[in-house]
Amino acid sequence: MDCKIERDGVEITVWAEGAAVGVRFTEGETMQRYLCGIVMPSLDEMHAADFESIIGVSEAIVAWCAERWPHEFAELKT
């Protein structure tokens, strides 16, 4: 997956190239796998079928982020 990274202070937004979906998280903070925000088009611009695509793309971005920011995207251990 090709991703584009935008930094705004400690906030990072990772966009999937070719998709209007991104994941925004706070660098340096733990639990971002669970607390990150999904950035997507306005609901007015979307169709029902787009939601499945958004979920899949956002999960792929989180996996991509976990490789690059392992501290922030570490899974909870029980």
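Above this text you will find the structure in question.
Bear in mind that the values here come from a model prediction, so they are computed numbers and not experimental data.

Asks: I'm lost on the overall build of the protein in this one. Help?
Replies: Across its full length, the protein holds two helices and four strands. Counted from the first residue to the last, the protein has its helices and strands arranged as β-β-β-α-β-α. Rg of the C-alpha trace for the protein: 13 Å, near the compact-globule value of 12 Å for 78 residues, within the 12% margin. Principal-axis analysis of the C-alpha atoms places the extent of the protein at approximately 35 × 30 × 20 Å. Burial analysis of the protein (78 residues in total) assigns 31% to the buried set. In the protein, once contacts between residues fewer than 6 apart in sequence are set aside, the share between residues at least 24 apart is 46%. Per element, the accessible surface of the protein, about 5200 Å² overall, is 52% carbon and sulfur. Of the charged side chains in the protein, 6 are positive and 15 negative, and the gap between their average positions amounts to 7 Å.

Asks: How should I be thinking about the nonpolar core in this particular structure?
Replies: Note that soluble globular proteins tend to have their nonpolar side chains buried in a common cluster. In terms of nonpolar packing, the biggest core is built from 18 residues, with Val 14, Phe 25, Ile 61, Cys 65, Trp 69 and Phe 73 touching the most fellow members. Within the residue set of this core, elements represented by two or more residues are strand E2 (11-16), strand E3 (22-26) and helix H2 (48-68). For this core, the element with the highest residue contribution is H2, accounting for seven residues. Contact partners of Trp 69, with chain neighbours within four places excluded, come to Ile 5, Arg 7, Ile 12, Val 14, Phe 25, Glu 27 and Trp 64.

About the criteria used
- Residues numbered from 1 in each chain as written.
- Predicted model: local features only at pLDDT ≥ 70, side-chain atom pairs only at ≥ 80, totals over all residues.
- Heavy atoms only, no water.
- Helix = DSSP H or I, 4+ residues; strand = E, 2+ residues; numbered from the N terminus.
- Rg over C-alpha atoms; globule rule 2.2 N^0.38 Å.
- Buried < 20%, exposed > 50% of the residue type's maximum accessible area, 1.4 Å probe, protein only.
- Contact = heavy atoms within 4.5 Å.
- Areas by Shrake-Rupley, 256 points an atom, 1.4 Å probe, with all protein chains shown as cover.
- Lys, Arg positive; Asp, Glu negative; His and termini not counted.
- Charge placed at Lys NZ, Arg CZ, Asp CG, Glu CD.
- Core = buried A, V, L, I, M, F, W, Y, C linked by side-chain atoms within 4.5 Å.

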